[in-house]
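Listed here are the chains, written in short residue letters.
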Amino acid sequence: MHDFIIAIDFGTACSGYAFNLTPQRAEIDPQMRRWGREFGLDTPKTPTCILFNEDKEFIKFGYEAKTDYIRMRGQEARKSYFFENFKMALYGERVSRDVEIKAANWRSMKALKVFTEALRYLKDDALRTIAENTEGRKFIASDFTWVLTVPAIWDPSAKQFMREAATQAGLVTERTQHHLIIALEPEAASAWCKKLPADGFITQNHDGGSLDQCPGTQFIVMDCGGGTIDITVHEVLHGGALKELHKASGNDLGGQTVDRKFKEFLREIFSHGVWDEYEQNFPSEVQRIMHDFMYFKQVDDDIEMSCPYNLGTLAQKRQEIEKFFESVRGASWDDGSIKISKERLRSFFAESLKGITDSLREILNKDLNVEYILLVGGYAESQILRQHVTDQFGDQCKVLCPYRPQEAIVKGAVMLGKNPAVVASRKSAFTYGFADSEKFDLSKHKKEKTFVVQGEEFCGDIFRKLVEEGEDVAWDETRELIFNVLEAKENHTHVRIRFYRTQRRNPLYVDEEGVEEVGSLIVRMPTTRGRKHEVKLNITLGSTEITVTGTGLVYGSKESAMIDFMTRS
């Protein structure tokens, strides 16, 4: 690992980076790039927005992309490709390399290109910023260890997707993959928050020293992002390292859920197709409305926002504008402004807050001794969210939120880049295994799964367990085993080893209900027949990424390959 670190917090709503240029043994002091000064702003992150021209060529990222798109006239906006919130395309299902995502005008582009260009911009901007802060010293990407944050609840295929995008963007090469660390967002926040003194938190109900000075302390970190709510549970060990007590959990009910409810509210007001027509013809103006709402949703009070001229004009073509508000609860018209009551504003949060409550309650009902709930991420800026969690759980735990909660993840990611062992062990989220064969035993095997090799009966589709759901795995733990290839034939040039996962502890076969394939490994084999073919598997399960290397062993020759978690659509 390098002494120099650049950490990128690639968020659903906003992104940013921090860097560290101090020697290995020196105190870590992450430096952050500030954004938006050319627009009269000073923020730790910039909107995760990217703009391409009609030929799919990159134009701008962040505030500049959003501003340029907002200023575009209707025809130009309809030709361009403007993407926001696109990180959510990687949430949920197993990710395909060929997945496409839709721009604001519903035109499509390959997600890998969009992510790659966004990361390329952040990489180039980071190198330029560091050069400006080091008297013009020239740095290149290979001078740094790069840390890229992702949600803890993401599928392995999504983590691999981000690694491939980072490689295409030039953060690392195929030969320097070890210089890229995929960090889990709530873990990064834990690494930062555990060092904060009591006065580093907004709330004043933490009167002790920093958490890393209190071995045995158990705490929840809830990363409240734009797209996901991401939750981990840690215990502080002697020396300040962390042990995961509960597998990562969460949902997709982050701050964007509140934004979606707000849009539904505007559609309810501007009915009879007015809002839909406005959204289609003035997509850049909709961006301006949503940008303004980002600040309104941080307060817990009545709000008032100006109605754009074009929206008002479209509405008045249908009827007097005041009439649109007559049947809408909590909304009123006031001489060019839309007024929203505090109660109606709170209603936009209801679905998200219920999801948060359910996720936290599930953890707190376990046999744990959680003392603190730490709220981090941009959505944690919301007074409504912080007060809700305090009201629901304040009698069980102390609810803390650091000053500048948006910065906790990227600063902690720098610390993980310096010392990945900060998180000493993790809980396996699933039971993982691979499809194997063994000699047929009538007393325990299904007859229909038999096949014959050189006169011997074998049973196929055996689930060979690598790790069990809920099992503690050290962060650097590697497991090794030998896989015997039974079906060697004259034209047998490779072997494909298929990997599976399940929530069950002890499945027998890979085709049982609840068992799903998650990836495969292809190892080239010699074309000779009749020899014993073996593959040595080296499996890392305790890191943030599952890595499996297969090495074909025959007469001392080796052929290695890495597991592929992604699909092709």
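Residues numbered from 1 in each chain as written. Predicted model: local features only at pLDDT ≥ 70, side-chain atom pairs only at ≥ 80, totals over all residues. Heavy atoms only, no water.

- Taking an unreviewed UniProt entry as the reference, the chain is identified by name as Heat shock 70 kDa protein 12A-like belonging to Pundamilia nyererei.
- Of the chain, the UniProt comment under Sequence similarities (unreviewed entry) reads exactly: "Belongs to the heat shock protein 70 family." (UniProt positions renumbered as here; feature names shortened; annotations may be inferred.)

1. Examining the overall build of the chain
Here is step 1 of the chain: Looking only at helices and strands, the chain features 13 helices and 30 strands.
Here is step 2 of the chain: In terms of overall size, the chain behaves like a compact globule, its C-alpha atoms giving a radius of gyration of 26 Å where 569 residues would be expected to give roughly 25 Å.
Here is step 3 of the chain: Based on the C-alpha atoms only, the size of the chain along its principal axes is roughly 90 × 55 × 55 Å.
Here is step 4 of the chain: Per-residue burial for the chain yields a buried fraction of 54% across its 569 residues. (Helix = DSSP H or I, 4+ residues; strand = E, 2+ residues; numbered from the N terminus. Rg over C-alpha atoms; globule rule 2.2 N^0.38 Å. Buried < 20%, exposed > 50% of the residue type's maximum accessible area, 1.4 Å probe, protein only.)

2. Overview of the pattern of salt bridges
Here is step 1 of the chain: Applying the stated criterion to the full structure yields 46 salt bridges.
Here is step 2 of the chain: For Glu117, the salt bridge is made with Arg120, and the minimal N-O distance between the two is 3.3 Å. A residue pair is termed a helical-turn pair when its members lie 3 or 4 positions apart in one helix, as Glu117 and Arg120 do in helix H3 (residues 111-132) at three residues.
Here is step 3 of the chain: Here Arg120 falls in the partly exposed class, since its relative accessible area comes to 28%.
Here is step 4 of the chain: The partner of Glu477 in a salt bridge is Arg479, and the shortest N-O contact between them spans 2.9 Å.
Here is step 5 of the chain: Beyond isolated ion pairs, a larger network of salt bridges with shared partners links Arg34, Arg37, Asp42, Arg404, Glu407 and Lys411. (Salt bridge = Lys/Arg side-chain N within 4 Å of Asp/Glu carboxyl O.)

3. What about the packing of aromatic side chains?
Here is step 1 of the chain: This model, assessed by the stated rule, comprises 29 aromatic pairs.
Here is step 2 of the chain: Between Phe349 and Tyr379, the ring centres sit 6.2 Å apart and the planes meet at 20°, which makes this aromatic pair stacked. In this pair, Phe349 sits in the loop between helix H10 (342-347) and helix H11 (350-364) while Tyr379 sits in the loop between strand E18 (370-376) and helix H12 (383-393), placing the two residues 30 residues apart along the sequence. Both residues of the pair, Phe349 and Tyr379, count as buried.
Here is step 3 of the chain: Taken together, the ring pairs in this structure connect Phe52, Phe58, Phe61, Phe83 and Tyr121 into an aromatic cluster.
Here is step 4 of the chain: The ring of Trp35 has Arg33 lying over it, and the distance from NZ or CZ to the ring centre is 3.8 Å. (Phe/Tyr/Trp six-rings, centres within 6.5 Å; stacked < 30°, edge-to-face > 60°. Lys NZ or Arg CZ within 6 Å of the ring centre and 35° of its normal.)

4. A word on the side chain of Ser249
Here is step 1 of the chain: Of note, Ser249 is situated in strand E14 (residues 242-251).
Here is step 2 of the chain: Apart from the residues within four sequence positions on either side, Ser249 is in contact with Ile153, Ile229, Asp230, Ile231 and Ile363. (Contact = heavy atoms within 4.5 Å.)

5. Comments concerning helix H4 (residues 156-168)
Here is step 1 of the chain: In this model H4 runs 18 Å from its N-terminal to its C-terminal C-alpha over 13 residues, within 8% of the 18 Å that 1.5 Å per residue would give.
Here is step 2 of the chain: The buried count for H4 comes to eleven of 13 residues, which makes it a mostly enclosed element.
Here is step 3 of the chain: All buried positions along H4 are accounted for by Pro156, Ser157, Ala158, Lys159, Gln160, Phe161, Met162, Arg163, Ala165, Ala166 and Thr167.
Here is step 4 of the chain: Looking at the packing, one finds that the buried side of H4 touches strand E1 (5-10), H3, strand E10 (145-150), strand E11 (180-184), strand E21 (431-439) and strand E26 (494-502). (Expected span 1.5 Å × (residues − 1).)

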